[in-house]
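Given next are the chains, with one letter for each unit.
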Amino acid sequence: YKMHVLDTENAALFLDGHTPHDGGEGDAHTPSHRRTPASRGSLLDVGAGDGHVTTQMMKLFDTVLATEVSRPALWRMRQQGVPCANMGSLEPLRGKEYDTVACLNVLDRCSHPRSLLRDMRGLVKPRTGRLLLAVVFPFRPFVELGWGSG
């Protein structure tokens, strides 16, 4: 079954303070360069699963990369046209920067959540980037495949 975590409208609201359907005005605190979908830049979706949420968020970004360790999930994402990579660590991305790094319902599924948080922080563009997190409550870790080295 698909768990609803985030759709396009909610993602836009989190990122910009307005939805794609309200005219793009946002509020007084929304920088003008963040009000148009074409200017949201890059998205890294860590542990994207089958890509259902990624396909919703792709509409809001210029470039997207999804990471996942499950081969069937990677296959599904490729079938949907989601750019994705088989990664059990973010080490191959070290030195890159993303405007938004999303990690939705993944921290409870990895063996080293603090390391993953630190690695994601290093990938978020300084000062203007965003880390979008969702965590399942109550927090009950269940690790199927390892993530990171410590």
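Residues numbered from 1 in each chain as written. Predicted model: local features only at pLDDT ≥ 70, side-chain atom pairs only at ≥ 80, totals over all residues. Heavy atoms only, no water.

Brief notes about the pattern of salt bridges
What the rule picks out here adds up to three salt bridges. Two residues, Glu 91 and Arg 94, come together in a salt bridge whose shortest N-O distance is 3.2 Å. Arg 109 is the partner of Asp 108 in a salt bridge, and the nearest nitrogen-oxygen pair spans 3.4 Å. The buried category is assigned to Asp 108, whose relative accessible area is 4%. (Salt bridge = Lys/Arg side-chain N within 4 Å of Asp/Glu carboxyl O. Buried < 20%, exposed > 50% of the residue type's maximum accessible area, 1.4 Å probe, protein only.)

A closer look at the nonpolar core
Grouped together as the largest cluster of nonpolar side chains are 17 residues, with contacts concentrated most on Leu 44, Leu 93, Val 101 and Leu 116. Listing elements by their share of this core, those giving two or more residues are strand S1 (42-46), strand S4 (100-104) and helix H4 (113-123). In terms of residue count, the dominant contributor to this core is H4 (three residues). Among the nonpolar cores identified, the runner-up in size contains 14 residues, and Ala 12, Leu 15, Val 53 and Ala 134 belong to it. (Core = buried A, V, L, I, M, F, W, Y, C linked by side-chain atoms within 4.5 Å. Helix = DSSP H or I, 4+ residues; strand = E, 2+ residues; numbered from the N terminus.)

Thoughts on the pairing of S1
For a regular strand, the rule is simple: side chains alternate between the two faces of the sheet. The buried fraction of S1 amounts to five of the five residues, a majority that puts the element mostly inside the structure. Side-chain alternation along S1 places Ser 42, Leu 44 and Val 46 on one buried face and Leu 43 and Asp 45 on a second face that is also buried. Judged from the four bridges that link them, S1 and strand S2 (residues 63-68) form a sheet pairing that is parallel. Bridge pairing in S2 links Leu 43 to Val 64. (Pairing = 2+ DSSP bridges.)

Here's the deal with the confidence of the model for the chain
Confidence along the chain averages 81 in pLDDT terms, with 74% of residues attaining 70 or more. Counting contacts from residues 24-38, a segment whose pLDDT is below 50, to residues more than four positions away or on other chains yields 26 contacts. (pLDDT = per-residue confidence, 0-100. Contact = heavy atoms within 4.5 Å.)

Here we look at the pairing of S2
S2 sits mainly inside the fold: five of its six residues count as buried. Regarding the hand of the β-α-β motif, the stretch spanning S1, helix H2 (residues 52-57) and S2 is right-handed. Direction of pairing for S2 relative to strand S3 (residues 84-86): parallel, over a ladder of three bridges. Paired with Glu 68 across the strands is Asn 86, a residue of S3. (Right-handed = clockwise from strand over helix to strand, strands pointing away.)

Observations regarding a nonpolar patch on the surface
Nonpolar side chains collect at one region of the surface, where Leu 117, Leu 131 and Leu 133 lie side by side and expose about 210 Å² of accessible area between them. Summarising the element assignment, Leu 131 is placed in strand S5 (residues 130-134). With a relative accessible area of 35%, Leu 131 lands in the partly exposed category. (Patch = residues over 30% accessible without salt bridge, like charges linked within 9 Å, V, L, I, M, F, W, Y side chains within 5 Å. Areas by Shrake-Rupley, 256 points an atom, 1.4 Å probe, with all protein chains shown as cover.)

Structural notes on unusual backbone geometry
Across residues other than glycine, the phi torsion is negative in most instances, and most of the peptide bonds are trans. The backbone of Asn 105 sits at a positive phi, close to 60 degrees, despite the residue not being glycine. Of note, Arg 127 is a non-glycine position whose phi angle comes to about 70 degrees, a positive value. What makes Arg 127 exposed here is its relative accessible area of 86%.

Notes on helix H1 (residues 8-16)
Inspection of H1 places Thr 8, Ala 11, Ala 12, Leu 15 and Asp 16 among the buried residues, and these make up the whole buried set. Take H1 and look down its axis: the buried residues cluster within an arc of 100 degrees, on one side only. In this structure, the buried side of H1 is in contact with H2, S4 and S5. (Arc of directions from axis to C-beta.)

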